[in-house]
Amino acid sequence: MSYSIIEKNDPQVFKALKAEDEREENYLELIASENMVSQAVLEAYTATLTNKYAEGYPGKRYYGGCEPSDMIENIAIERANKIFGTQYANVQPHSGAQANMAVFLACLKPGDTFMGMDLAHGGHLTHGSKVNFSGLYFNVVSYGVKESDCQIDYDGIAKKAKEHKPKLIVAGASAYPRTIDFSKFAEIAKENGAYLMVDMAHIAGLVAAKLHPSPVEYAEFVTTTTHKTLRGPRGGLIVSNDENFFKKLNSRVFPGVQGGPLMHVIAAKAVAFGEALKDDFVEYQKRVVRNAKVLSDTLLSRGLKIVSGGTDNHLMLVDTFSTKKVTGKDAQELLESVGLTTNKNAIPFDPNPPMVASGIRLGSPALTTRGFNEEEFKKVGGWIADVLENPSDENTASRVKNEISEICLKFPLDRFRL
Ligand code: DSN
């Protein structure tokens, strides 16, 4: 990126911005929730629309001068609906958390009961964590995965739903590597008179490319972030086909949980949605899934344990503790020291506390954007195994670091290519 004016006027900020550019260029990004946006998305993100207040919705704003804002928001809405086959899209949520909050406020009252996946089993903060609004203001009944295979315990969910009669069931996860059966969730919700919300944040790109079943026909509410597999700017989105809630959802986003929308971010969402409607986006998502499998198979072949035995989507959870006696925290630090960015992650039934954790979460979206294919993902798997097998061997670390530097040069982050 060029920051020529900042470089001149504000060297302190320039230094930090440049450091991030260099980090993205010189490290291999394996955090499953991250991706690299195109130059077109970045351009929209820096548009003058950041100056504009546009509280309200297209055609019904509280401020003058909103015609360009209306144009851009309508384009984003239209494209989001086209991608997911919906009639309603709200592109204003600043984040996935705010999209989720708006849905909760649209169908729950404080103190109502809802069910969500336990954070410790791969769920998300906003699905009922005690320290989040979802756990602070609502009565949460958590569900999880089975100890036998670490896959979602649908029978357990059905049992809990019958017992607790939640008003809402939330499906979706932040660290779940398997296909989610939305039809089962819908069946359970229906049997118990509950609404179903699917937070598809992690898999939205796969859903868009029809590589994961869509939740739209099963859930009253579907939320997502726009920056993970969907490869847009950091932000949130709600889509729905249940017309009973369209008005309510709008009023819960604004004025319910937000004031002025971030119009420049909505512009960047519109650009990213346009990219997601192109054929090569489907090809990209196919590579994301294929590359994740290759990485998981490579690690398995090197004796590492993969939670649930593999992956159906873009991510995997590697149990570094039971096989290599390396905690997630140490694994993250070791890998970062050679140029691989990952995050420590609790594994289901984790014997270690969350800040230490027994595993790492790996994802293929960002490196697939960078141009990596099967051959490169095999190498990445090999490097991870080499480092975890020899955590205190400086020769291994230095060899892997050199090889990673070489591959970074071979695959420059060419945002214009996207
Ligand atoms: N923090 C995100 C993730 O890493 O999955 C979820 O919002």
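First things first, this report covers the structure right here in the doc. Every chain's residues receive numbers from 1 upward, in the order its sequence appears when written. In keeping with the model being predicted, local features are shown solely for residues with a pLDDT of at least 70 and side-chain atom pairs are shown and tallied solely at 80 or more, while totals for entire chains, interfaces and linings include all residues. Neither water nor hydrogens contribute to the side-chain values; these are computed over all heavy atoms in the structure.

## Considerations on the overall build of the protein
Filter applied, for reference: The way it works is that DSSP assigns letters per residue, a run of H or I at least four long becomes a helix, a run of E at least two long becomes a strand, and they are numbered from the N terminus. For the radius of gyration, the atom set is restricted to C-alpha positions; the globular benchmark scales as 2.2 Å times the number of residues to the power 0.38. Accessible area is worked out with a 1.4 Å probe on protein chains only. A residue is then buried under 20% of its type maximum, exposed over 50%, and partly exposed in between. The contact definition used throughout considers only heavy atoms, calling two residues in contact when any of these lie within 4.5 Å. Using a 1.4 Å probe, accessible areas were evaluated by the Shrake-Rupley method; residue-level cover was limited to the displayed protein chains. His is not counted, nor are the chain ends, whereas Lys and Arg count as positive and Asp and Glu as negative. By convention, the charge on Lys lies at NZ, on Arg at CZ, on Asp at CG and on Glu at CD.
Counting its regular elements, the protein contains 17 helices and 15 strands. In summary, the protein has a C-alpha radius of gyration of 22 Å against a globular reference of 22 Å for 418 residues, a match within 12%. Expressed along its principal axes, the backbone C-alpha trace of the protein runs to roughly 65 × 60 × 40 Å. Looking at the protein as a whole, 57% of its 418 residues are labelled buried. Considering only contacts within the protein whose residues lie at least 6 apart along the sequence, 71% involve residues at least 24 apart. About 18200 Å² of surface is accessible on the protein, with carbon and sulfur atoms providing 52% of the total. For the protein, the distance from the average position of its 48 positive side-chain charges to the average position of its 51 negative side-chain charges is 3 Å.

## Let's talk about unusual backbone geometry
With an omega of 10 degrees, the peptide bond between Phe254 and Pro255 qualifies as cis. Positionally, Pro255 belongs in helix α10 (residues 246-257). The backbone of Phe349 shows a phi angle near 60 degrees, a positive value even though the residue is not glycine. Within the fold, Phe349 resides in the loop between β14 (343-345) and β15 (359-363). Even without being a glycine, Ala357 presents a positive backbone phi close to 65 degrees. Inspection of the secondary structure puts Ala357 in the loop between β14 and β15.

## Regarding the pairing of strand β9 (residues 221-225)
Note the following rule: In this analysis, strands are considered paired if DSSP registers two or more bridges between them.
Most of β9 is tucked away: five of the five residues are buried. A two-sided burial pattern is seen for β9, the buried positions comprising Phe221, Thr223 and Thr225 on one face and Val222 and Thr224 on the other. In this sheet, β9 lies alongside strand β8 (residues 195-199) in parallel orientation, the contact comprising three bridges. Among the inter-strand pairings, Val198 is bridged to a residue of β9, identified as Val222.

## Observations concerning the environment of Asn35
Quick reminder of the rule: Residues adjacent in sequence count toward polar contacts only when both atoms are side-chain atoms; beyond that, a polar contact is any pair of N or O atoms within 3.5 Å, and within protein one must be able to donate a hydrogen and the other to accept it.
Among the secondary structure elements, Asn35 is positioned in the loop between β1 (28-29) and α3 (39-45). A residue is classified by how much of its surface remains accessible, and Asn35, at 15% relative accessible area, is buried. Measuring from C-alpha to C-alpha, the distance between Asn35 and Leu136 comes to 31 Å, with 101 residues separating the pair along the chain. When residues no more than four places from it in sequence are discounted, the contact partners of Asn35 are His227, Lys228, Thr229, Arg231, Tyr284, Pro365, Ala366 and Thr369. A distance of 3.1 Å separates a polar atom in the side chain of Asn35 from the backbone oxygen of Lys228. Side chain to side chain, Asn35 and Thr369 meet in a polar contact 2.7 Å long.

## Quick notes on the nonpolar core
What counts is decided by this rule: In these notes, a set of buried Ala, Val, Leu, Ile, Met, Phe, Trp, Tyr and Cys residues joined through side-chain atoms within 4.5 Å is what counts as a nonpolar core.
Phe84, Ile152, Ile169, Phe185 and Leu196 are the most contacted members of the largest nonpolar core, which has 65 residues in total. Here this core takes eight residues from helix α11 (residues 263-276), the largest share from any one element. Residue contacts for Ile169: discarding those within four places in its chain leaves Met115, Ala161, Phe185, Ile188, Ala189, Ala194, Tyr195, Leu196 and Met197. The next biggest cluster of nonpolar side chains, apart from the first, holds 32 residues, and it includes Ile306, Leu362, Phe377 and Cys408.

## Some words on the packing of helix α12 (residues 279-301) against helix α16 (residues 374-389)
Cut-off, in case you're wondering: An axis is simply a line fitted to the C-alpha atoms; with a helix, the fit covers only the stretch in contact. Between two such axes, the angle follows the N-to-C directions and lies from 0 to 180 degrees. Each crossing is labelled by how the near helix is turned from the far one, with a counterclockwise turn of less than a right angle marking it left-handed and a clockwise turn marking it right-handed. The classification used treats Ala, Val, Leu, Ile, Met, Phe, Trp, Tyr, Cys and Pro as nonpolar, Asp, Glu, Lys and Arg as charged, and all other residues, Gly among them, as polar.
Where α12 contacts α16, the two axes come as close as 8 Å, and the packing angle between them is 35 degrees. Where α12 crosses over α16, the handedness of that crossing is right-handed. For the pair α12 and α16, contact is made by Arg290, Asn291, Val294, Leu295, Thr298 and Leu299 and by Glu374, Phe377, Lys378, Val380, Gly381, Gly382, Ile384 and Ala385, respectively. A per-class count over the contact of α12 with α16 returns seven nonpolar, four polar and three charged.

## A word on helix α4 (residues 67-84)
The following threshold applies: Multiplying one less than the number of residues by 1.5 Å gives the expected span of a helix.
Between the first and last C-alpha of α4 there are 26 Å, a value that for 18 residues agrees with the 26 Å anticipated at 1.5 Å per step. Those residues of α4 lying buried are Ser69, Asp70, Ile72, Glu73, Ala76, Ile77, Ala80, Asn81, Ile83 and Phe84. Looking at the buried side of α4, the elements it contacts are β2 (56-57), β3 (60-61), β4 (88-90), α9 (204-208), β10 (236-240) and α11. Two residues or fewer past α4, Gly85 is found with a positive phi of approximately 65 degrees.

## As for the side chain of Thr298
With respect to the element layout, Thr298 can be found in helix α12. Taking the relative accessible area as the measure of exposure, Thr298 reaches 14% and is therefore buried.

## Some points on the site of the ligand
We apply this condition: When at least one non-hydrogen atom of a residue lies within 4 Å of a molecule or strand, that residue is treated as near it. A cavity here means a set of points on a 1 Å grid, drawn over the protein atoms and nothing else, where a 1.4 Å probe fits but cannot get out; a pocket is an open set with protein on both sides within 12 Å along at least five of seven lines, and a residue lines either one if it has an atom within 4 Å of a point. Placement in a cavity or pocket follows one criterion, namely that more than half of the molecule's atoms lie within 2 Å of its grid points.
Taken together, the residues surrounding the ligand are Ser33, His124, Ser174, His202, Lys228 and Arg361. The side chain of His124 places a nitrogen or oxygen atom 2.8 Å from an oxygen atom of the ligand. Among the detected pockets, the ligand sits in the largest pocket.

## Side note on the pairing of strand β7 (residues 168-171)
We count it as follows: We call a crossover right-handed when, viewed with both strands directed away from the observer, the connection leading from the first strand over the helix to the second proceeds clockwise.
Side chains Leu168 and Val170 project from β7 onto one buried face, and the interleaved Ile169 and Ala171 project onto a second face that is buried too. In the sheet, strand β5 (residues 113-117) pairs with β7 via two bridges, with the strands oriented parallel. Looking at the pairing, Met115 lines up with Ile169 of β7. Across four bridges, the pairing between β7 and β8 is parallel. Of the residues in β8, the one forming a bridge with Val170 is Met197. Read as a crossover between parallel neighbours, the route from β7 over helix α8 (residues 182-191) to β8 is right-handed.

## Remarks on the packing of aromatic side chains
Selection rule: The pairing test for Phe, Tyr and Trp rings, Trp by its six-membered ring, is centres within 6.5 Å, and the orientation test on the planes gives stacked under 30 degrees, edge-to-face over 60, and tilted for anything in between.
Inspection of the entire model under this criterion finds 16 aromatic pairs. Arranged with centres 5.2 Å apart and planes meeting at 10 degrees, the rings of Tyr53 and Tyr63 form a pair that is stacked. Placement of Tyr53 in the loop between α3 and β2 and of Tyr63 in the loop between β3 and α4 is noted, with a sequence separation of 10 residues between them. With a relative accessible area of 47%, Tyr53 lands in the partly exposed category. When the centroid spacing of 5.6 Å and the interplanar angle of 75 degrees are considered together, the rings of Tyr154 and Phe185 count as edge-to-face.

Remember that the coordinates give geometry; whether it matters functionally is a separate question.
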